[in-house]
Structures are given as structure tokens and as C-alpha cells.
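An overview of the molecular structure
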Amino acid sequence: MIFIGGGVVARDLRMLFGVNDRSVAAEEAFTNRQAQWQAVVTTLTDHLHRVADPAFDVEDLASPRHNILVGHGVGGIGKSTFSRKIDAALTHQGGRPAQWDAPFWPIERILPLRIDLARSTGIDFERVVLSLRLAIAALGRPMPAFDLALRRHWERNHPGEPLEEYLRRGRLFSRFTNAVNLPQQMQSTLADVAQALALPGTVGGALGQLTTTLVGALRERRRSVRALAGCARLADILEAEPDLETLSFATHLLAWDLAQLPSTQQVIPVILFDTFEDIGDRTNRDLERLLQRIVWLMPQAFFVITGRNRLQWAEDGLHGQLDWTGPAAWPGLADHLPASRRDTGPAQRQILLGDFSPEDCEDHLARRLSRDGQPLIDENLRHAIAARSHGLPLYLDLAVMRFLEIRRSGRDPQPADFGDFPALISRTVSDLTTDERHVLRSVSLLDAFSVPLATQVAGLTHDAAALRLSERPFIREEPSGLWPFHLHQVVRSAIRHAEDHTEDRWSPQDWHRAATRALAALGHEWRHGPQRDRTMLIDCLRQGLRYGSRQRSGWRCATTRAATRCCATATPWSRARRTTGISWTYGVTDADHCRLKLPDSPVRRTSAG
């Protein structure tokens, strides 16, 4: 990033290296998100008030936690960009986007740290904890209780490897300008404790002796260690096996150390965990459990988590997989807040990072590429791309790349050049299980669906995959609808029409079998569903016949015939005309044709066998 006139302008190198014309300016445009930024300001302000309350106690391990905000959304919606902008806005005054309002509190009280949990970064829990300690090293003060536990963990798990060498090799020195102070601060802690215990040294083999003697002194409440005696759980941590489990609980010591700082040096750490979906899945929550402990055991820190999915910590069903679960523990993360908790903080701590408005899409495209201060993409083309994006930022970025690719070929891009992008498929399915991918492709055939209908269309015998898929951010919900769920339009179009390069892509025969299952499932919905009325019949016919009319001629006959058979067997067509208002004529000839007119659609002519 470079700083111009107090603002931050991020040059998009990928775009700049995609064109020979040096007069073209490519900027990493950031659009809108004022409402989401306001949610950050509101919840962080509430958190600051809680921490300032005289009754606040960092050693309280029972009270509900309100120190978290979750931003979730479909892949490509701009979650990581949002996370980076929050980090920049809390780091310095010039880092805040111009459209974001200034917060009411001085950012000097805030100590931000952003950690990308993407698998590609190679992050692990030990590195997360080290990053947290290195950020706090900027305060220039030892964290004695935590540093003792960290030094003990390091000596046991990295024998013969100096911490300084690890930090240098892991390039943490280059990221944290004050990282060089951490080894000195830890050594200062050891020296102070050794002096208080009247021990001769603090290095090498003396660390084990120092720890043993310190634990004994803490148990005996000796006055010589009164500076650490107030940390009630220090001795327990130092006696435990120094593994990752113990290191996760040791973050409580770091919270205690921060609380001991003089009031003039008090800061609020704001930890931003990005790409949270990469830390595991529903059956493997080991890393998630360790990270949750940091959030719970550091109640004065504020955490902003961004990922594809809602955080499930408020669900009672996770008891046993995570340490703290349920709406009583995490009131703001629950879908429906307990009545006794509604007045304790902002109603909802999970916010959806949704699609851009049409105006924001066009503004984004106008500022993405420019020449001499004027948008490189003309207004008509911006309007066409914005309409086809349905507000998805990833689509806009892919469209900009295609725009440059077409210009390199020597012709002017036209609206027809911007359809579906295969990259949307790979981004959407990257963290789905095999069954979830199967259900996703199956329901892309439907305008709307329910969990039972999705399971039938996918040909599965259990609802688990459809239930999990329904919780994904690219699935939109309308609870009042006959079938409450539908796919994000851009995602659906890409899955249906873009060239699929994933390993488990479907063949034409797979799509044909899914189409047959879909139409059979719609017929089953009418024949055996709980609601057999005019609305159900119209919707079943509309989905089946609309799908059939969209298919290639080879499929059109089969799909229309299947729709006719599935629904007509349950309802005579004379009754269907009276009940639904659908005009229908059917001739029994070798080239059977059916002419239909749905109440809200144009007349279509399709073939049926």
C-alpha cells in the first residue's frame, strides 16, 4: 500500500501487469460496507464500556462473552478486503476509507492484529499465539506470567532452537517491528523471578529449577513472589504438560498481564481472524477449540472473525466438541437471544457481508480501471456487467480481468463477452464435502427448494448434506416461501452453464439423471406433500415445465414428458386448468406437442413424447 494525501491507495499489481498501456491506472477499489463498519464501531464501543466497568474482571471465567463480532458471506464477497480495511482503519487515521465515519474513541487505545487463517499461509496455533505476543511486545513491557509459560513451552517443544532464530526464519521479525524486543522481555522476566527467588541463574537448565521453585513459592504464598501471586492460575499452568492444550489455556495469563498495566498504558487488543472456514470442519474442530479458548480466556480483547459461514458456538449441539457452547455463553451469536440476555448488548453479533447494490457495482467498476482520471470501462458496459454480477464482488473482479484480456486481443469488449466464469465454481465448492457438492449441483436445477426436496433431487438417503448446504451463505432463505431456499443467482448460473474444471464435475449423463430426479421429486411433492392446494400445484408445474423449456432439444422432450407424467397422474388436466389457470392443450399424434401458458410467463411451445 502507498499513502497519498492521508488516504490509502492500494495498487492492483495483477491488473497493472495485465496491460502494456502505462496510462491505465489500476486500483484496488473498496466500495461501501458502511453498515458493516458501523456494526464494528457499535460493538467495539459496547466492548470498551464493558471493559471500563469497575466490575469487569479478566479472571471471571463464567460470565457470557460479548467480545466478538462475526462477518460471514459467500466466497468472493469481499470478506478479506473488509478485514484488511478494519485493520488499517484501527492502525492509523489515514487507513480508514473515506466513506467510513470516524469512531468515537481514540484509536491509540486500540492494538489491532490481523491473522489470516487460510491453509495457504501455513498458519498453526503456536504461530497464532506467537503473533499475539509479538503484537503486544509493542507496548515495551514484559508479560511476566505469560512469558514464563511461553518460555517453558518453547524449551520443551523446541529444544536447542532459540526463539530468536525461529522468529527470524519465520519472517516474524519483518512483520512485527517490535519483535526483536520479545526475547529481551522474556529474559527480563526470568531474571526478575530468579532474583525474587534468590536463584543463581535463569538460562539453560536453570529454567526447570526456576519453574519448580516458583510454583512452590506461589503455593506457599511467599511474599517474595507477590507480584505474580495475584494470578490465581499461574501455578496450575506451570505444572501442566507444556503442550498446545496448555498453551491455549496460557492465553488467560496474557489477559491477566495486560490487566496489570498502569491505566495510562492500558490498551484493547482487537484480533481479526480471517478465512475462519479453513481451520477445520464439523467433524474436526481441534484448531477451532484452541482458538475459541483465546476468545473466552481474553475477555478484554475484541475479536472480529470473518469467514464463509456463521459461527456455531451458540449451538448447544456442539457441547463436547468445544469448551463453551450455547446461547447462554455467546448471547450475540444465537439466532434467537435468550430473554434474560437481550438487554446485555447489541442484539446480533453475526452480520452478513452481502451483495453490492447496482450503484456500488458500477462505482466499483468505474474506479477499478481508469485512464487520465476517467473510467476505462464505458458506462453501458459497466451497467451490463453490474446487472449480470447480481452484486457479487468476485464476479466484478473476474469481469475486469476478462475486459483486459479482450482488449489485449485488439477488439473492444462487448456486453455479450461477460457471461459465466468457471472460477466462480471452484471458489464456491472449495470447502464443500463431496455430498454437499452433489446436492449443490442438484438444486441448481431448481428455482427454489426445501431440505427434503434437495435430498430427493440429489438421490441421497439422508438430509445431512442438504441441511449443511442450507446454512451456506450462497443459499438465500425466504421463510415465507413454499420452498424456503434458493441459490445465489450468479452461483447458480455458473454451476449450470460455466465450464466446470473441478475433479468431481458432472458429465451430461449426470445432469440428465439429476433432471429426471428433480422432476420426479416435484411430482412427489404434489402427490405426497403436506400441502396440496393451488399454490403447490402451480409451483410444481412452473418449476418442472420452466426447467424443461430451458433445456437442449434432446432433453426438452424428456423433461416435459416427465413433468406431464409426474403431475398429471395426480391431477386431471381439466381440473388443473380450472384450479391453476394454466392453459393446456395436448394432442395425441406422433409428434405430440403441448402448448402451455403459465399465469405469469409468456406462451411457450415445447415437445412432449
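Heads up: these notes are all about the structure in this document. (Residues numbered from 1 in each chain as written. Predicted model: local features only at pLDDT ≥ 70, side-chain atom pairs only at ≥ 80, totals over all residues. Heavy atoms only, no water.)

**Topic: the overall build of the protein**
Along the protein, the regular secondary structure elements total 25 helices and 15 strands. Within the span of the protein, comprising 609 residues, buried residues form 52% of the whole. For the protein, long-range pairs separated by at least 24 residues make up 69% of all intrachain contacts whose partners lie at least 6 apart in sequence. In the structure as shown, the protein presents an accessible area of about 27700 Å², 50% of it carried by carbon and sulfur atoms. (Helix = DSSP H or I, 4+ residues; strand = E, 2+ residues; numbered from the N terminus. Buried < 20%, exposed > 50% of the residue type's maximum accessible area, 1.4 Å probe, protein only. Contact = heavy atoms within 4.5 Å. Areas by Shrake-Rupley, 256 points an atom, 1.4 Å probe, with all protein chains shown as cover.)

**With respect to the sheet that holds strand S5 (residues 110-116)**
Backbone-to-backbone hydrogen bonds pair the strands of a sheet. The strands run either parallel or antiparallel. Across the sheet, which stays open at both edges, the five strands sit in the order S5-S6-S7-S4-S8 with parallel pairing between neighbours. Across the chains shown, the open sheet's two edge strands, defined by having one partner strand only, are S5 and strand S8 (350-352). On average, each strand axis in the sheet is tilted by 15 degrees relative to the strand beside it, whichever way the strands run. Against the sheet, helix H2 (residues 34-52) engages strand S4 (68-72), S5, strand S6 (268-274), strand S7 (302-307) and S8, with an angle of about 140 degrees to S6. Across the sheet, helix H3 (residues 79-91) is in contact with S4, S5, S6 and S7; its angle to S5 comes to roughly 155 degrees. (Pairing = 2+ DSSP bridges. Axes fitted to C-alpha atoms, helices over the stretch in contact; angles between N-to-C directions.)

**Considering the pattern of salt bridges**
Summed over the entire model, instances satisfying the criterion amount to 28 salt bridges. Across the salt bridge formed by Asp46 and Arg349, the nearest N and O atoms sit 3.0 Å from each other. Remark: Arg349 occurs in the loop between S7 and S8 and Asp46 occurs in helix H2; sequence separation between them is 303 residues. One exposure class covers both Asp46 and Arg349, and it is buried. Through salt bridges that share partners, Glu277, Arg308, Asp431, Glu436, Arg468 and Arg472 make up one connected network. (Salt bridge = Lys/Arg side-chain N within 4 Å of Asp/Glu carboxyl O.)

**Topic: the packing of helix H4 (residues 125-136) against helix H13 (residues 286-297)**
It is the contact of H4 with H13, at a shortest axis distance of 10 Å, that shows an interaxial angle of 20 degrees. It follows from the interaxial angle that H4 and H13 lie roughly parallel. Handedness of the H4/H13 crossing: right-handed. Touching Phe125, Val128, Val129 and Leu132 of H4 are Leu287, Leu290, Leu291 and Ile294, all from H13. Taken together, the residues of the contact of H4 with H13 break down into eight nonpolar, no polar and no charged. (Parallel < 35°, antiparallel > 145°, perpendicular 65-115°, else oblique. Left-handed = near helix turned anticlockwise from the far one by under 90°. Nonpolar A, V, L, I, M, F, W, Y, C, P; charged D, E, K, R; others polar.)

**Topic: the pairing of S7**
Counting buried residues in S7 gives six out of six residues, a clear majority hidden from the surface. Here S7 shows no split at all, with Phe302, Val304 and Thr306 on one side and Phe303, Ile305 and Gly307 on the other all buried. In the sheet, S4 pairs with S7 via five bridges, with the strands oriented parallel. The residue of S7 that forms the bridge with His72 is Gly307. With four bridges joining them, S6 and S7 adopt parallel strand pairing. Looking at the pairing, Phe273 lines up with Ile305 of S7. Once the chain exits S6 it traverses H13 before rejoining the sheet at S7, and the crossover so formed is right-handed. (Right-handed = clockwise from strand over helix to strand, strands pointing away.)

**Notes on the nonpolar core**
Core analysis: the biggest nonpolar cluster contains 85 residues, and Tyr395, Leu424 and Phe474 have the highest contact counts within it. Take this core: its biggest share by element is eight residues, from helix H16 (residues 393-408). Residues in contact with Leu424, not counting those within four places in the same chain, are Leu392, Leu394, Tyr395, Leu398, Val490 and Ala494. Counting residues in hydrophobic clusters, the runner-up holds 81 residues, among them Phe173, Ala217, Ile305 and Leu311. (Core = buried A, V, L, I, M, F, W, Y, C linked by side-chain atoms within 4.5 Å.)

**Let's talk about the layout of surface pockets**
Put simply, the largest pocket is a space of about 1100 Å³. Around the largest pocket, the lining is made up of 39 residues, and of these Arg282, Asn309, Arg310, Gln312 and Glu471 lie nearest the centre. It is strand S11 (residues 475-477) that contributes the most residues to the lining of the largest pocket, three residues altogether. (1 Å grid on protein atoms, 1.4 Å probe; cavity = no way out; pocket = protein on both sides within 12 Å on 5 of 7 lines; lining within 4 Å. Points joined across faces, edges and corners; volume = space filled by probe spheres on them.)

**Things to note about the packing of aromatic side chains**
The description of an aromatic ring pair rests on the distance of the ring centres and on the angle between the ring planes. The tally for this structure, following the rule as stated, stands at eleven aromatic pairs. Relative to Trp313, the ring of Phe276 lies with its centre 6.4 Å away and its plane at 70 degrees, an arrangement referred to as edge-to-face. On the criterion of sequence distance, the pair formed by Phe276 in the loop between S6 and H13 and Trp313 in the loop between S7 and S8 is long-range, its members being 37 residues apart. When the centroid spacing of 5.2 Å and the interplanar angle of 75 degrees are considered together, the rings of Trp296 and Trp330 count as edge-to-face. With a gap of 34 residues between them, Trp296 in helix H13 and Trp330 in the loop between S7 and S8 connect regions that are remote in the sequence. Judged by relative accessible area, Trp296 falls into the buried class, the value being 2%. Chaining the aromatic ring pairs together yields one cluster made of Phe276, Trp296, Trp313, Trp324 and Trp330. Just above the ring of Trp296 sits the side chain of Arg65; from NZ or CZ to the centre is 4.3 Å. (Phe/Tyr/Trp six-rings, centres within 6.5 Å; stacked < 30°, edge-to-face > 60°. Lys NZ or Arg CZ within 6 Å of the ring centre and 35° of its normal.)

**Examining the packing of helix H19 (residues 451-458) against helix H22 (residues 508-528)**
Relative to each other, H19 and H22 sit at 140 degrees, their axes nearing to 7 Å. In terms of orientation, H19 and H22 fall into the oblique class. Along this stretch, H19 crosses H22, giving a crossing that reads as right-handed. Residues Leu453, Gln456, Val457 and Ala458 of H19 form the contact with H22, whose own contacting residues are Ala514, Arg517, Ala518, Ala521, Leu522, His524 and Glu525.

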